[in-house]
Amino acid sequence: MRTRDWDDEEDAPATRGSHQKERALKEVRAIFRQADAAYGPFSCPASGECCQLSRTGRQPWLWLPEWELLTQGRPLPPPREDGGCPYLDAAGKRCTVYADRPFGCRTFFCERIRGPARQPAETVGALLERLERVSQQREPSLRAPRPLLEWHAEALAQASTKTP
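Keep in mind the model is a prediction, meaning the values are calculated, not measured.

Cut-offs and rules
Residues numbered from 1 in each chain as written. Predicted model: local features only at pLDDT ≥ 70, side-chain atom pairs only at ≥ 80, totals over all residues. Heavy atoms only, no water. Helix = DSSP H or I, 4+ residues; strand = E, 2+ residues; numbered from the N terminus. Buried < 20%, exposed > 50% of the residue type's maximum accessible area, 1.4 Å probe, protein only. Areas by Shrake-Rupley, 256 points an atom, 1.4 Å probe, with all protein chains shown as cover. Contact = heavy atoms within 4.5 Å. Axes fitted to C-alpha atoms, helices over the stretch in contact; angles between N-to-C directions. Parallel < 35°, antiparallel > 145°, perpendicular 65-115°, else oblique. Nonpolar A, V, L, I, M, F, W, Y, C, P; charged D, E, K, R; others polar. Salt bridge = Lys/Arg side-chain N within 4 Å of Asp/Glu carboxyl O. Core = buried A, V, L, I, M, F, W, Y, C linked by side-chain atoms within 4.5 Å. pLDDT = per-residue confidence, 0-100.

(A) Main features of the overall build of the protein. Scanning the protein for helices and strands turns up six helices and two strands. Along its sequence from the N terminus, the protein presents helices and strands in the succession α-α-β-α-α-α-β-α. Here the protein, with 164 residues, has 37% of them falling under the buried criterion. For the protein, the accessible area works out to roughly 10000 Å², and carbon and sulfur atoms hold 54% of it.

(B) Focus on helix H3 (residues 64-71). When you tally the buried positions in H3, you get seven out of eight residues, the bulk of the element. Taken residue by residue, H3 has Leu 64, Pro 65, Glu 66, Trp 67, Glu 68, Leu 69 and Leu 70 as its buried positions. Contacts made by the buried residues of H3 are with helix H1 (18-38), strand E1 (61-62), helix H4 (103-106), helix H5 (121-138) and helix H6 (148-161). The first or second residue beyond H3 is Gly 73, which carries a positive phi of 70°.

(C) Spatial organisation of the packing of H3 against H5. At a closest axis distance of 8 Å, the pairing of H3 and H5 adopts a crossing angle of 85°. Taken as axis vectors, H3 and H5 run roughly perpendicular relative to one another. Residue-level contacts link Leu 64, Pro 65, Glu 66 and Glu 68 of H3 to Leu 131, Val 134, Ser 135 and Arg 138 of H5. Split by residue class, the contact of H3 with H5 holds four nonpolar, one polar and three charged.

(D) Structural context of the pattern of salt bridges. Under the criterion given, the structure shown has eight salt bridges. Among the ionic pairs, Glu 68 bridges to Arg 138, the shortest N-O distance being 2.9 Å. You can see Glu 68 sitting in helix H3 and its partner Arg 138 sitting in helix H5, a full 70 residues away along the chain. By relative accessible area, which is 10% here, Glu 68 ends up buried.

(E) How the structure looks around the environment of Arg 58. Structurally, Arg 58 is set in the loop between helix H2 (53-56) and E1. Residue Arg 58 is classed as partly exposed on the basis of its relative accessible area of 44%. It is 9.1 Å that separates the C-alpha atoms of Arg 58 and Pro 147, two residues lying 89 residues apart in sequence.

(F) Here's a closer look at the nonpolar core. By size, the foremost hydrophobic cluster in this structure holds 17 residues, and its most contacted members are Val 28, Ile 31, Tyr 39, Phe 103 and Leu 131. Listed by contribution, the elements that provide at least two residues to this core are H1 and H5. Not counting chain neighbours up to four residues away, the residues in contact with Ile 31 comprise Phe 103, Leu 127, Arg 130, Leu 131 and Val 134. Formed by twelve residues, the second largest nonpolar core is a distinct cluster that contains Leu 53, Leu 62, Val 97 and Trp 151.

(G) Spatial organisation of the side chain of Ser 135. Following the sequence through the fold, Ser 135 ends up in helix H5. Excluding its chain neighbours within four sequence positions, the residues that come into contact with Ser 135 are Trp 63, Leu 64, Pro 65 and Pro 140.

(H) The confidence of the model for the protein, seen in detail. Here the protein shows a mean pLDDT of 87. Residues at 70 or above account for 88%. Contacts from residues 6-15, a stretch scored under 50 in pLDDT, to residues over four places away or in other chains number 19 contacts.

Structure, rendered in structure tokens:
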């Protein structure tokens, strides 16, 4: 029996309102749980090294619902002076949003990964397709994910232009 996808639901077409956003967030959480299960046999040294975005030159790319989950009910952190992920703790070692971290942070991409010889590429591919469908339902005009720091900079800019 397969898991129902976002677009398998039989209720009335969703609007762009809060109902659709909550459905999207619920589906993203389900996708994240499945990604975590797929990577259950693997481990990493948890050094926070991959979160040093300016040093590695890499960063996770997020779809809109991932960004919404990451920022829901949280203040937007300032950029880090060391170029690390803004969601790292002050010491730069631990994720402050671990439970809601993006898909790209849940899948290991460095050579330090430990576990079975083969990563779950097929599962990851299917989950990424589901994530894209959720995002397209949420905001059809967004055709691709965006880098974390791009989302963050845009949100900071919008927050600074709002008047109290």
